Structures are given as structure tokens and as C-alpha cells.
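# Topology and contacts: notes
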Amino acid sequence: MSSSELAVLGGTPVRSALWPKWPRADQGTLNVVADVLSSARWAVSGASDGKVCYERRFAEAFAAYTGAGYCTPCTSGSSALTIALQAAGVGRGDEVLVPGLTWVACASAVLALGAVPVLVDIDPATLAMSPDSAEAALTPRTAAIMLVHLYCNLGDLDRFLAISQRTGIPLVEDCAQAHGAQWRGRSVGTFGVAGCFSMQQSKLLTAGEGGAVITNSEGYHRRLEQFKCDGRLFGPTTAPGRLDLVEVASVQGQNFNLSELQAAVLLDRLAVLDEENATRALRAERLCGLLSGVPGVEALRSGDQVTRRTYYNLVLRLEPAAFAGCTADAVARALSAELGTQVSPVYVPLSRHRLLCPDKLPRGDLSDIELARRDPRQYELPNAEEARRRCVTLTQPVLLDDEGGMDDVAQAITKVMKLADELLTTPQGPSAQAF
Ligand SMILES: *Cc1c(COP(=O)(O)O)cnc(C)c1O
């Protein structure tokens, strides 16, 4: 029997109250879903009912929200990355710079096109791709740069835009974790040729699954639309019983269409995104204030260019010595037990992420040399590894709680810190499942 006060060792947790539920729906959400269900139009590829479909309404609203010229909704963040790279001309054997610290889908989307993800180390200040490391990784075969705005910070868009303009290599922004964030007063996703968003369950705007690509280029947009709709483009809304879609086939497309149910939910939830982002930002500020006097715990700071900061997962960088040398994994498990919510370390670097396994791709005519080009283990990512050792993240619904919730988080951190010697007796290795 353990006599520790730590919840992870059987003690009383700091918090027993539930955290805010996520995702959220209100009466308005139920109404739009009912509207779709009672209509005869559940998909953009269904016959027109004479009204503008929800998918086009969401596309227009999200373009307006981000200030982009165009928006192509699609099934997921993964399909958003896929069509964005395809429309940028990325194909077999091309190299795409991908940050070494991100969700695995960034690299999988590249592999699925037959292209080669080149893993680039991160900038420790932002946890996004380092512009210096990106420059060093450029080769004549680099066909795109995928900059991911990770967790609650933005990559250095000034530098990446300059690299893209100088080299002519398209910049694709992955904004799956940054809906609503702004750099120098402009929405993320509008700097590169494309901005890709995920609307998967955990994201700041969600329909359970979903995605979107924004762009300012009309020609690029026409390709995006066809890549996600079997080579078809939207014509003007037509008479009931006929298709809105026109067969163009200037590219080889696939079906990545968002359903009308999902589009309706996204349109409804977009209306509260700013308000929810503002609440999360306020709570994050409060939490950072509470932790500012605690040595050994530091929130990531963002530069002045980030004129609107949003919070997906809130990242805290820990000084291991302040936690008796415990790993971030062990601290995250202890905090999860104290708070009754999932606290996690950051991603396992892609160079050794178990879900990134190009050796298991169908071999086809891939030569040994081509397979070796895709081997993630060839990369050393010291900054990503350092982040994995030091950082823990809180999920965004925690930041939708009231101010008392932030007091609980701060209290849990100081409690775990105080009792870190006892935590050192628990397993220190990684948990089975990463978030
Ligand atoms: C979630 C996410 C994706 C993938 O989006 P899905 O909708 O799950 O396909 C891609 N990149 C980043 C950074 C993500 O967080």
C-alpha cells in the first residue's frame, strides 16, 4: 500500500469536477442538422434542391472568416494536405519538407502521393519547423514546404515566406491546430499557396471529421476543387433534381467531399469560434500568470508578429530537475490523475514515431534506394527530442473552464512538483497511446 498523496499513487486528486464537454452543440446546431436530415440533399454530389448547399455556404463563410479568396471544404485535414500538395504539383519522388514534430498525418499525406517526406528539426521557441534547418534541407528535388503551426504557436511566417519567394518552392501551411490565429493581423493559411485545416473532433472547429483548404489563387482553387470532387467543379446552383457539379477533368480527382451534415455543423460552429478562442486565450493568460512565479515551469511565449494567438493544446515546458528528474511522460500521467483529464507529452518525433512506417507501404516498383529515401530513422532531430523530454500539453477544452479550473491546473503542477521524489518511484516510460 502506498501512502503517497499523489493521485497517480492512490492519493486524493486535486480535482474531481468534470471539465467542459467537447465538442459542443447547441439548439442552433441541432436545427441545422435537422434541416439537412429533412431535406433531400445530404451530399454535394446529390441532386440540387434549388437551394445553395451547406458545403458552399461553409466554403464562403470560412473564406470570409480567414480573409482568403477561396475555400475548398473536404473530408479531413489529411485530405486537405493531400489535395493541397497535389494542386501544388507534388508527385512521385518529389521531396516535401515536413517538421519532425507534428501529427503523423503530415508525413503520411506526402507518402500517399508517392513523394518523400524530408523531416526537418524544429525551432525550440515555437516548436514549429526551424527556418534555418529548412533552408539546410532544400535540394533541387524539394517540391513543397509544409509548415505546421503546432499547438498554440505559429511558425516564422516571415522567414518561410521569404524562402518560398526566393526559391519558388510553394509553402503549404498546416493550420489544423490554429483556426483563427493571426500573424501581423492576417489569418494563418493565407501566407502560403494553401492553408490546410482539420475539423476532426479535437480541433478548435469541428464536425467530428472534416477539413478545408484556403487559397488566394483562383487557378489553384480550381485544381483543389477538382482533386476533391472526382474532377468536377461547382456550377451555379441549378433547378431541383439536377446536379450542381460540372465535369471538367483537368486533373485526376477523387471523392473527398464533406457531407451536408458536416458542413451544416461547421457553418453553425464557426459562428462561435472567435468567442471560444477568446475564452481559451483568457484562461491561458490566467494560467500563465499563476505559473509565472513557479520555477521550473514555463509556457511557450510567442513573438509580437503573432497578433492573435489561439490555443489548441497549451504547452508547458518543464525543467526536469524541478521534478526530481522525472520524465515528461511520468509528470503527464501524474497530472492526468490529479486533474481527471488527459495531460500528454508532445508528439514522439516522426523519426521514431511508430505510426510512420513507410517500410510497410505496398512495395510496388519502389527500389531499395527509393525506400531508403523514405526511411524516417535517417533523421536526427535534437530539438524535437528535447521538446519530447521536457514538454507537457493540456487539451483545449480545459481552457474553456472557468478561472477556478486554471487554479486547479496550477495547484496540480505545484503538488506534483513537491512530491516528485515519490513520482520517481513510478514507471518513467512512454504511455501506450499518444494523443
Ligand atoms: C489533426 C491534424 C492533421 C490531420 O487532420 P485529420 O482531420 O485528422 O486528417 C494534420 N496535421 C495536424 C497538425 C493535425 O493536428
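Residues numbered from 1 in each chain as written. Predicted model: local features only at pLDDT ≥ 70, side-chain atom pairs only at ≥ 80, totals over all residues. Heavy atoms only, no water.

## Notes on the side chain of Thr-29
For Thr-29, the location among the structural elements is in helix H1 (residues 27-38). According to the relative accessible area criterion, Thr-29 is buried, its value standing at 4%. Within the structure, Thr-29 has its side chain in polar contact with the side chain of Arg-269 (distance 3.0 Å). (Helix = DSSP H or I, 4+ residues; strand = E, 2+ residues; numbered from the N terminus. Buried < 20%, exposed > 50% of the residue type's maximum accessible area, 1.4 Å probe, protein only. Polar contact = N/O pair within 3.5 Å; in protein donor to acceptor, adjacent residues only side chain to side chain.)

## With respect to unusual backbone geometry
Each neighbour pair has its own omega, and for Trp-22 with Pro-23 the value is 0°, a cis peptide bond. Looking at the secondary structure, you find Pro-23 in the segment before H1. Here the phi dihedral of Leu-127 falls at roughly 65°; this positive angle occurs in a residue that is not glycine. As for its placement among the helices and strands, Leu-127 is situated in the loop between strand E3 (116-120) and helix H5 (131-137). The exposure class assigned to Leu-127 is buried, which follows from its relative accessible area of 1%. A positive phi angle, close to 55°, is found at Asp-230, a residue other than glycine. Along the chain, Asp-230 turns up in the loop between helix H7 (218-227) and strand E10 (232-234).

## Regarding the environment of Gly-211
By the secondary structure assignment, Gly-211 is in strand E9 (residues 211-215). In this structure the C-alpha to C-alpha distance between Gly-211 and Ala-334, which are 123 residues apart in sequence, comes to 34 Å. Among residues more than four places away in sequence, those in contact with Gly-211 are Pro-73, Cys-74, Thr-75, Ser-76, Gly-77, Phe-197, Ser-198, Met-199 and Leu-258. (Contact = heavy atoms within 4.5 Å.)

## Comments concerning the site of the ligand
Looking at the ligand, there are 15 residues lining it, with Gly-77, Ser-78, Asp-174, Ser-198 and Lys-203 nearest. Between the ligand and Ser-78, the relevant distance is 2.6 Å, taken from an oxygen atom to a side-chain nitrogen or oxygen of the residue. Here Gln-177 contributes a side-chain N or O atom positioned 2.8 Å from an oxygen atom of the ligand. Mapped by element, the contributors of at least two residues to the shell around the ligand are helix H3 (77-87) and helix H4 (105-112). Here the shell around the ligand is built from residues that sort into five nonpolar, eight polar and two charged. (Near = heavy atom within 4 Å. Nonpolar A, V, L, I, M, F, W, Y, C, P; charged D, E, K, R; others polar.)

## Details of the sheet that holds strand E16 (residues 391-394)
Read from one edge of the open sheet, four strands run E12-E14-E16-E15, paired in antiparallel fashion. Each having just a single partner strand, strand E12 (297-299) and strand E15 (343-345) make up the two edges of the open sheet. Between one strand axis and the next, the sheet turns by 30° as a mean value, whatever way the strands run. Note that E15 and E16 share three bridges and pair antiparallel. Paired with Val-343 across the two strands is Leu-394, which belongs to E16. Along the sheet, helix H11 (residues 382-390) contacts strand E14 (314-318), E15 and E16; its crossing angle with E16, the most-contacted strand, is approximately 65°. (Pairing = 2+ DSSP bridges. Axes fitted to C-alpha atoms, helices over the stretch in contact; angles between N-to-C directions.)

## Structural notes on the side chain of His-221
By the element assignment, His-221 lies in helix H7. Beyond its immediate chain neighbours, meaning those up to four positions away, His-221 contacts Tyr-70, Cys-71, Thr-72 and Thr-215.

## So, H7
Listed in full, the buried residues belonging to H7 are Tyr-220, His-221, Leu-224, Glu-225, Gln-226 and Phe-227. Looking at the packing, one finds that the buried side of H7 touches helix H2 (54-66), strand E1 (70-74), H3, strand E8 (194-198), E9 and E10.

## Observations concerning the environment of Arg-141
Following the sequence through the fold, Arg-141 ends up in the loop between H5 and strand E4 (142-148). Taking the C-alpha atoms as reference points, Arg-141 and Tyr-65, separated by 76 residues in sequence, lie 35 Å from one another.

## Describing the sheet that holds E9
Sheets are built from strands paired through backbone hydrogen bonds, the pairs being either parallel or antiparallel. If you trace the seven strands from one edge of the open sheet to the other, you get E1-E9-E8-E5-E4-E2-E3, paired in mixed fashion. Across the chains shown, the open sheet's two edge strands, defined by having one partner strand only, are E1 and E3. Recorded for the sheet is a direction-independent mean angle of 25° between the axes of neighbouring strands. Here four bridges tie E4 to strand E5 (residues 171-174), and the two strands are oriented parallel to one another. What sits directly across from Leu-147, in E5, is Glu-173. Packed on one face of the sheet, H7 meets E1, E8 and E9 and runs near 15° to E1.

## Overview of H1
Given 3.6 residues per turn, any residue in an α-helix points the same way as the ones three and four places further on. The end-to-end C-alpha separation of H1 is 16 Å, in line with the 16 Å expected for 12 residues at 1.5 Å each. Looking at H1, one finds that the buried residues are Thr-29, Val-32 and Val-36. Each buried residue of H1 sits inside an arc of 70° when the element is viewed along its axis, so together they form one side. Pointing more than 90 degrees away from the buried face of H1 are the exposed residues Gln-27, Leu-30 and Ser-38. Looking at the packing, one finds that the buried side of H1 touches H2 and helix H8 (260-291). N-cap assignment for H1: the residue whose side-chain oxygen lies 3.0 Å from the backbone N of Gly-28 is Asp-26. (Expected span 1.5 Å × (residues − 1). Arc of directions from axis to C-beta.)

## Remarks on the pattern of salt bridges
Side-chain pairs of opposite charge can arise where the charged atoms are in close proximity. All told, the structure shown has 32 salt bridges when counted by the stated rule. In this structure, Arg-269 engages Glu-276 in a salt bridge whose closest nitrogen and oxygen atoms are separated by 3.8 Å. Of the residues examined, Arg-269 reaches a relative accessible area of 9% and is grouped as buried. The partner of Asp-407 in a salt bridge is Arg-286, with the nearest N and O atoms 3.0 Å apart. (Salt bridge = Lys/Arg side-chain N within 4 Å of Asp/Glu carboxyl O.)

## Remarks on the nonpolar core
In terms of nonpolar packing, the biggest core is built from 93 residues, with Phe-62, Leu-85, Leu-101, Leu-127 and Met-146 touching the most fellow members. Those residues in contact with Met-146 that sit more than four places away from it in its chain are Leu-81, Leu-85, Val-96, Leu-97, Val-98, Pro-99, Cys-106, Val-110, Met-129, Val-172 and Asp-174. Grouped together as the second largest cluster of nonpolar side chains are 39 residues, Ala-299, Val-331, Leu-335 and Met-406 included. (Core = buried A, V, L, I, M, F, W, Y, C linked by side-chain atoms within 4.5 Å.)

Everything listed here is a matter of geometry and, on its own, says nothing about what the molecule does.
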